[in-house]
Amino acid sequence: NCLLHVQKNEIRTFDSLDGLWTFVREPHNGGDIGIGNQWNTLDLEKFNNATVMPVPCAYNDIGTSSELRDHIGWVWYEKKEFVPLRDRNMRHVLRFASVNYFAVVYVNSEKVTSHTGGHLPFEVDVSSQIKFGAENKFTVAVNNTLSWSTIPQGDFNYQRVAQRNISGRILSRLPDGAVKNVGNFDFFNYAGILRSVQLVKIPSIHIQNINIVADHTGSFYFETAASSLDGVKVEVKMFDSDGNVVYSTNQTKGEGKLENAKLWWPRGMGDPNLYNLEISLISDGELVDIYRETFGFRTVTWSDSQIFINSKPFYCLGFGMHEDFELIGRGFNQAVMTKDLNLLEWMGGNCYRTTHYPYSEERMFENDRRGIAVIVETPAVGLKGFSKANNNLHVKMLTDMIDRDKNHPSVFAWSLANEPNTNKKESRAYFKTLVDAAHGIDRTRPVTTVYGPTNFDNDETADLMDFICVNRYYGWYIDMGYIPWINQSVYWDISLWRETFHKPIIVTEYGADSIPGLNQEPSVDFSEQYQNEVIQETHHAFDALHKDHTITGEMIWNFADFMTGMTTTRAVGNHKGVFTRSRQAKISAYTLRNRYLKRFDQSNLE
Ligand code: E9O
């Protein structure tokens with residue numbers, strides 16, 4: 001299974017199904033995965049409580065009630081759309097770029113597919129369900145309930161029936177049907193149709209898959225597949241960025257070597273040069289399908305202490321982030337994406353991790369174009385309880401993620417999980433399966449896991465990784481208020497990881513919350529000054545660790561403030577951003593910017 005990105009070209013096109021969908025929320029139903037109501041057979045528009053919901057967008061913050069925001073269970077989306085008669089000879093594929101978490105899809109009341117997991121695309125051929133030259137009804141039921149077998153995991157509590165004594169006095173603490181569903185992570189579990197929906201139109205004989213590997217010596221290899229090659233001629237052309245053909249063949253597979261290939265470099269190391277591979281299918285002298293994939297010549301390698309891009313040491317000046325913004329939650333928005341990447345560049349950053357799920361496809365293309373190096377992470381944040389964890393689902397998500405992003409030169413590593421409880425013995429077999437799966441599909445990139453709750457002396461899996469990521473919060477979660485201790489503690493902690501495992505290390509999270517505008521001198525936790533000092537002290541340790549070749553990069557937690565669920569440690573969200581949620585700089589943004597800009601030109605780093 002492999003999904004190509006959606007393209008409009010000489011042959012291919014699509015109808016966007018983005019816009020306002022009819023929306024109905026089911027009453028809290030305890031989150032059971034079985035659908036109680038068969039609302040796909042009805043006309044949702046006629047429901048009394050039907051409203052509209054923008055797509056793409058999380059539904060949580062669009063209404064005016066906490067019931068919608070905090071809803072656990074099913075919601076229904078419906079859209080009616082004409083499909084023109086003139087397209088009846090094309091295959092019609094309904095494609096969702098992201099629906100969180102569980103989706104059941106119907107076309108004209110008939111179930112066509114279902115999908116599990118929030119941040120990867122899925123599609124279904126609906127050519128035989130579509131009525132051409134007529135209005136069609138698309139219905140999607142979405143369930144956001146998390147459990148020990150979902151990824152990410154969550155804990156589900158259901159107060160079934162209240163106990164009453166004979167006089168009818170209520171003896172249970174909680175009201176009938178009380179439901180609580182808490183994720184093993186702090187960010188708000190924004191739900192709904194989070195990215196674009198498209199009705200993709202492709203020819204019946206079509207290109208299905210493209211895999212390109214191109215390295216810094218100019219060597220390349222590609223492979224493509226088509227639905228059928230009977231009586232079809234294949235034409236493959238490689239173009240440089242000036243539009244010159246630099247290679248061509250009539251085979252579905254090929255390899256070669258380009259003299260003077262212009263390499264893809266992360267910003268600060270060179271230009272992010274891109275190439276194009278154009279695949280055409282020709283039958284009876286006529287073009288039947290065409291697809292163009294961008295890629296870059298670049299190599300990722302690693303030693304026991306460093307990561308190299310095109311044989312040069314790469315030091316990551318990066319960010320943990322979120323797809324998160326006011327009103328839209330995790331819904332895709334071009335303005336937010338563009339602003340975030342512009343700010344990342346302004347900060348002198350060269351890198352980020354897609355914490356804690358794969359980001360939008362649009363954004364992956366922007367990373368390539370801008371030269372921003374990325375660690376792409378699966379949605380497996382906060383894995384605990386490995387006996388109940390769904391290893392198969394995790395492997396499927398990892399596979400789908402690599403499949404989606406494998407041709408992006410900006411992606412330099414795959415992250416299997418964030419902060420798993422890998423001090424448990426049984427986590428080893430679980431993670432071995434994942435490492436083998438990733439290596440089995442992609443030999444060109446290192447695999448990592450981001451460690452948090454475990455330590456150098458009790459982690460059961462870190463030796464399986466190609467490099468190691470560590471999250472550490474000295475001065476915040478550990479030793480709050482003891483800023484002078486940070487430098488030594490960070491140095492001590494990270495050095496021991498390195499001495500134990502002899503692998504390159506990136507510190508992928510450190511930082512502190514600050515409420516924007518809250519100023520305290522001398523500093524107190526949650527003030528902008530305190531956050532700034534924690535960051536500065538941690539940087540002293542980073543400089544020493546970098547000098548020793550103990551770390552190969554650093555990422556602040558977080559780029560911007562983001563929404564969380566309600567808990568005693570969060571005041572309207574997590575405030576570890578160096579930017580506010582509306583993307584205004586806090587004091588710490590300037591500290592970080594000075595630091596990154598000084599190190600931005602990587603030839604100045606040893
Ligand atoms: C994951 C990230 O998504 N890491 C968390 C971040 C946080 O601030 C979260 O937003 O919660 C940090 C986990 C650190 C826990 C350390 C506890 C140590 C107690 C001794």
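In the block above lies the structure referred to throughout.
Within each chain, residue numbers correspond to sequence positions counted from 1 in written order. Predicted model: local features are reported for residues with pLDDT of at least 70 only, side-chain atom pairs are reported and counted for 80 or more only, and whole-chain, interface and lining totals are derived from all residues. Heavy atoms from the whole structure form the basis of all side-chain values; hydrogens and water molecules are not counted.

## Concerning the overall build of the chain
Put simply, DSSP marks the helices as runs of H or I at least four residues long and the strands as runs of E at least two long, and each gets a number from the N terminus on. From N to C terminus, the chain includes 8 helices and 32 strands. Taken over C-alpha atoms, the radius of gyration comes to 25 Å for the chain, in line with the 25 Å a tight globule of 606 residues would show. Dimensions of the chain along its principal axes, counting C-alpha atoms only, are 85 × 70 × 45 Å. Partly exposed residues are those whose accessible area sits between 20% and 50% of the maximum for their type, while under 20% is buried and over 50% is exposed, using a 1.4 Å probe and protein chains only. Relative to its 606 residues, the chain shows a buried fraction of 59%. We call two residues in contact whenever any of their non-hydrogen atoms come within 4.5 Å of each other. In the chain, once contacts between residues fewer than 6 apart in sequence are set aside, the share between residues at least 24 apart is 73%. Counting rule applied: Lys, Arg positive; Asp, Glu negative; His and chain ends not counted. The location of each charge is read from NZ of Lys, CZ of Arg, CG of Asp or CD of Glu. Here the chain contributes 60 positive and 73 negative side-chain charges, whose respective centroids are spaced 3 Å apart. Radius of gyration: C-alpha atoms only; globule rule: 2.2 Å multiplied by the number of residues to the exponent 0.38.

## Considering the environment of Thr444
Tracing the backbone through its elements, the reader meets Thr444 in the loop between helix H5 (427-441) and strand S29 (447-451). In sequence terms Thr444 and Arg298 are 146 residues apart; their C-alpha atoms lie 10.0 Å from each other. Every residue in contact with Thr444, bar those within four places of it in the chain, is listed here: Val213 and Val300. In protein, a polar contact requires one atom able to donate a hydrogen and another able to accept it; more generally it is a pair of N or O atoms within 3.5 Å, and residues adjacent in sequence count only if both atoms are side-chain atoms. Looking at Thr444, its side chain comes within polar contact range of the side chain of Asp442, at 2.6 Å.

## Side note on unusual backbone geometry
Cis geometry is adopted by the peptide bond preceding Pro152, which originates at Ile151 and carries an omega value of 0°. Along the polypeptide, Pro152 turns up in the loop between strand S10 (134-143) and strand S11 (154-158). Thr355 connects to His356 through a cis peptide bond whose omega is -10°. Positionally, His356 belongs in the loop between strand S26 (351-353) and helix H3 (361-370). For Asn260, which is not a glycine, the phi torsion comes out positive at approximately 55°. Tracing the sequence through the fold places Asn260 in the loop between strand S19 (253-257) and strand S20 (275-283). The exposure class assigned to Asn260 is exposed, which follows from its relative accessible area of 72%.

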